[in-house]
Amino acid sequence: MGRQVAVLIDRQGRVAMVLVGDTGAITIPELPRARTGSGRLRGLRLLHTHLGPDLLSQEDLMDLLFLRLDGFGVLTVNEWGEPLTFQQAHLLPQPVDGKPYRVHPPQPWDRVDADMLAQVEALEEEMARAASDARAAAPARRPGSTGGGAGGVAGAVPQGRSHAEHMAHTAALAAEAEGPAAVLVSVSTAPRPLQELNLAELTELARTAGVRCAGTLIQRVPSLNPKFILGKGKLAELEVLALQGNATMIIFDGELSPAQLRNLADVTERKVLDRTQLILDIFAQHATTRAGKLQVEMAQLKYTQPRLVGKNRAMDRLMGGIGGRGPGETKLETDRRRIRDRIGRIKDELEALRRQRAYARARRAKQRVPLASLVGYTNAGKSTLLNALTNSEVLAENKLFATLDPTTRRLRFPHERELTLADTVGFIRNLPKELLEAFRATLEELEAADLLIHVADAGHPELDRQLGAVDTILTDMELHEVPRLLVLNKWDTLDQDTREALRAVHPDAITLSAATRQGLDDLVTAIATRIDWERDLRPCGKRAAKGGDDGDDGGGDGGDGDTDDDAGCPWPEMESDRLN
């Protein structure tokens, strides 16, 4: 009939599928995903005919790689359909000469003698062993690196380290994480050193989300591929990395378009995430209050809405009757409508919580208690500093976004003075716009602050870049005019030369270590000096001038409204007032 024919055979020797193509190629449909878990091949091998003397092609080998087949065989036939030569290939646990597969030499079809089942079982055992050895070879965590908190020495590498040492340390921590494995990818037009730094931060995000880093891939391109973001060669290399590391997902630094997400998922058959999805997942894990959960859900829905794709029309509804001829609302349209409706309901709930928050701020303002807010890059040590200043026990971990829901504590000064100290969610470069919009209500609490205490990790190799990212976000939120005090935390991790260099660049900064409590007295003195204790306090921040305490004016998303004391009652020292 002049067409290529292929069969997919399972490990019991049964034919799972028969495919018929044209004279030059066969199209392989979507295959079952039952055995596409970590460390396992698909459980199917493919055998197909070539109408001529051509043996295994590069396209055949790419199908073997991307589909994770047990094996791929080609049988050449003559013009009468008689079999001539057979050639097979299979994947390797580790690349040999840069190739992730082995191509066997061709041989006459009637002299093939191979135990396919034993071969594939041995391959899977070797792959599992190679992955286990790779994890065992990961650098062991240094003593004291667990449970140190966001502001402690634990888990930190002393300043003076190179960017390479910082990235190696981050990768070592991520390799120890328990959970699904992922390959982290950076494709950008930016210089490679900058991509490496971005990938190190992505590795920290993955560790926070409970994802183990199984490998990384970096490519600098003149322009991004609108279809796959990567070229075919790098896609093959990426698949090899994922196969070797038993990775079940691929995480890209940056935001992928809906088409890129869909195309990559189709090609790799692994879960594909971008940086925004990863951050949204972290926020979802850490949200504990009603307002926090609502804000995260709204951000996720806004991200998902443009990425909904109708893959089949089996559930489309047809409208009948006069005026209703033709196609009705499709399943895709139904999903989008439901998302819009849910977003509307969440906005209404958040609006009610915002009114509660505005009322709570107004009550605090009537007590003439100033508000100082801790802001800064994520994992800079804000929660650890709050604990050190107020003897509290707020959750503080050496992870990004360990603190999500804002918390306030009362801080007392001499001469019967006191202020409210608020710990807010940390910032990060290129904060996803969905999160910034959803959490704008929470961050609007900063507008009522009389002082912003900008906490920075002095021991981070990208200190200046992190300071710039926070400044940009505060400017975007029109908070650049609020008085600000820079605090360089983790000062104890620096050598003397680095300390002198930072003092020259930031002469007005307060230097301290929240973990060891060194320098706290200087901070308290600086706060007391910066606060104008005699002036009238703003009841609702910058927006108070726009009118009263109604929900559109106070900022903030509101809390549950049950942790504020009545205006006439003094607050106990160190009592918690959770904003959400």
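Above this text is the structure in question.
Counting starts from 1 at the beginning of each chain's written sequence and moves along it residue by residue. The model is predicted, so local features are restricted to residues of pLDDT at least 70 and side-chain atom pairs to those at 80 or more, both for listing and for counting; the totals for chains, interfaces and linings are taken over all residues. Only hydrogens and water are set aside when side-chain values are computed; all heavy atoms of the structure are taken into account.

Draft legend 1. Region of interest: the overall build of the protein chain. Assigned secondary structure in the protein chain consists of 15 helices and 18 strands. The buried label applies to any residue whose accessible area, calculated with a 1.4 Å probe on protein chains only, is under 20% of its type's maximum; exposed applies above 50%, and partly exposed to all values in between. Every one of the 580 residues in the protein chain was classed for burial, and the buried ones make up 53%. Surface accessibility follows the Shrake-Rupley procedure with a 1.4 Å probe radius. Residue values consider only the protein chains on display as shielding. Taken as a whole, the protein chain presents about 26600 Å² of accessible surface, with 51% of it coming from carbon and sulfur. Counting from the N terminus, the helices are the DSSP runs of H or I reaching at least four residues and the strands are the DSSP runs of E reaching at least two.

Draft legend 2. Broad picture of the pattern of salt bridges. When a carboxyl oxygen of Asp or Glu lies within 4 Å of a side-chain nitrogen of Lys or Arg, that pair is called a salt bridge. In total, this model carries 19 salt bridges according to the counting rule given. Measuring nitrogen to oxygen at the nearest pair gives 2.9 Å for the salt bridge that ties E201 to R429. A residue pair is termed long-range when its members are at least 10 positions apart, and E201 in helix 4 (residues 192-208) and R429 in the loop between strand 14 (417-423) and helix 11 (433-438) qualify at 228 residues. Grouping residues by exposure puts E201 and R429 together as buried. Among the ionic pairs, D471 bridges to R484, the shortest N-O distance being 2.5 Å. With D471 in helix 13 (residues 463-476) and R484 in strand 16 (residues 484-489), this pair connects stretches of sequence that are 13 residues apart. According to the relative accessible area criterion, R484 is partly exposed, its value standing at 24%. Among the ionic contacts, a cluster of salt bridges with common partners joins E201, D253, R275 and R429.

Draft legend 3. Main features of the sheet that holds strand 9 (residues 212-220). Pairing in this open sheet of four strands is parallel, and the strands run 9-8-10-11 from one edge to the other. Lying at the two open borders of the sheet, with one neighbouring strand each, are strand 9 and strand 11 (271-274). Geometrically, the sheet is characterised by an average inter-axis angle of 20 degrees between neighbouring strands, direction not taken into account. Strands pair, by our definition, only if DSSP identifies at least two bridges between them. Note that strand 8 (residues 181-188) and strand 10 (residues 249-252) share four bridges and pair parallel. Each residue of the ladder has a partner; that of V185, found in strand 10, is F252. Across the sheet, helix 6 (residues 258-268) lies against strand 10 and strand 11, angled at about 150 degrees from strand 11, the strand it touches most. Lines fitted to C-alpha atoms define the axes here, with helix axes fitted over just the stretch in contact, and angles between the N-to-C directions of these axes take values from 0 to 180 degrees. Working rule for contacts: check all heavy atoms of both residues, and any pair within 4.5 Å makes them a contact.

Draft legend 4. Representation of helix 5 (residues 232-244). To estimate how far a helix should reach, multiply one less than its number of residues by 1.5 Å. Taking 1.5 Å of rise per residue, the 13 residues of helix 5 would be expected to cover 18 Å, and the 19 Å separating its terminal C-alpha atoms lies within 8% of that figure. Within helix 5, burial applies to L235, A236, L238, E239, V240, A242 and L243. Downstream of helix 5 by one or two residues, N246 has phi in the positive range, about 55 degrees.

Draft legend 5. Highlighting a nonpolar patch on the surface. The grouping of V15, V18 and V20 at the surface amounts to a nonpolar patch, some 270 Å² of accessible area in total. By secondary structure assignment, the location of V18 is in strand 2 (residues 15-20). A patch is a set of surface residues, each over 30% in relative accessible area and not in a salt bridge, joined within 9 Å for like charges and within 5 Å for the nonpolar side chains Val, Leu, Ile, Met, Phe, Trp and Tyr.

Draft legend 6. Structural view of helix 4. In this model helix 4 runs 24 Å from its N-terminal to its C-terminal C-alpha over 17 residues, within 8% of the 24 Å that 1.5 Å per residue would give. Along helix 4, 13 of the 17 residues are buried, which leaves the element largely enclosed by surrounding structure. The positive-phi residue at the C-terminal boundary of helix 4 is G210, with phi of around 85 degrees.

Draft legend 7. Layout of a negative patch on the surface. Only four residue types enter the charge count: Lys and Arg as positive, Asp and Glu as negative, with His and the chain ends excluded. Charge placement uses NZ in Lys and CZ in Arg. For Asp and Glu, CG and CD serve respectively. Together, D113, D115, E121 and E125 give the surface a local cluster of negative charge. Given the relative accessible area of 77%, D113 is considered exposed.

Draft legend 8. Spatial organisation of the pairing of strand 13 (residues 407-413). With six of seven residues buried, strand 13 is to be regarded as a mostly interior element. When strand 13 meets strand 14, the two strands line up antiparallel, connected through seven bridges. Of the residues in strand 14, the one forming a bridge with L411 is L419. Hairpin remark: strand 13 followed by strand 14, antiparallel, with three residues in the connecting loop; positive phi at H415, about 60 degrees.

Draft legend 9. The arrangement of the packing of helix 1 (residues 58-67) against helix 5 in detail. It is the contact of helix 1 with helix 5, at a shortest axis distance of 9 Å, that shows an interaxial angle of 40 degrees. The pairing of helix 1 with helix 5 is recorded here as oblique in orientation. Taken as a pair, helix 1 and helix 5 cross one another with a handedness that is left-handed. Between helix 1 and helix 5, the contacting residues are M62, L65 and F66 on the first element and L235, A236, E239, V240 and L243 on the second. Comment on the angle field: the value is read as roughly parallel under 35 degrees, roughly antiparallel over 145, roughly perpendicular from 65 to 115, and oblique elsewhere. Crossings are sorted by hand: turned counterclockwise from the far helix by less than a right angle, the near helix makes the crossing left-handed, and turned clockwise it makes it right-handed.

Draft legend 10. Structural context of the packing of helix 10 (residues 382-390) against helix 15 (residues 520-530). At a minimum axis distance of 11 Å, the contact between helix 10 and helix 15 shows a crossing angle of 85 degrees. By the angle between their directions, the pair helix 10 and helix 15 is classed as roughly perpendicular. Residue-level contacts link L385, A388 and L389 of helix 10 to L520, L523 and V524 of helix 15. Residues were grouped as follows: Ala, Val, Leu, Ile, Met, Phe, Trp, Tyr, Cys and Pro as nonpolar; Asp, Glu, Lys and Arg as charged; and all remaining residues, including Gly, as polar. Looking at side-chain class alone, the contact of helix 10 with helix 15 contains six nonpolar, no polar and no charged residues.

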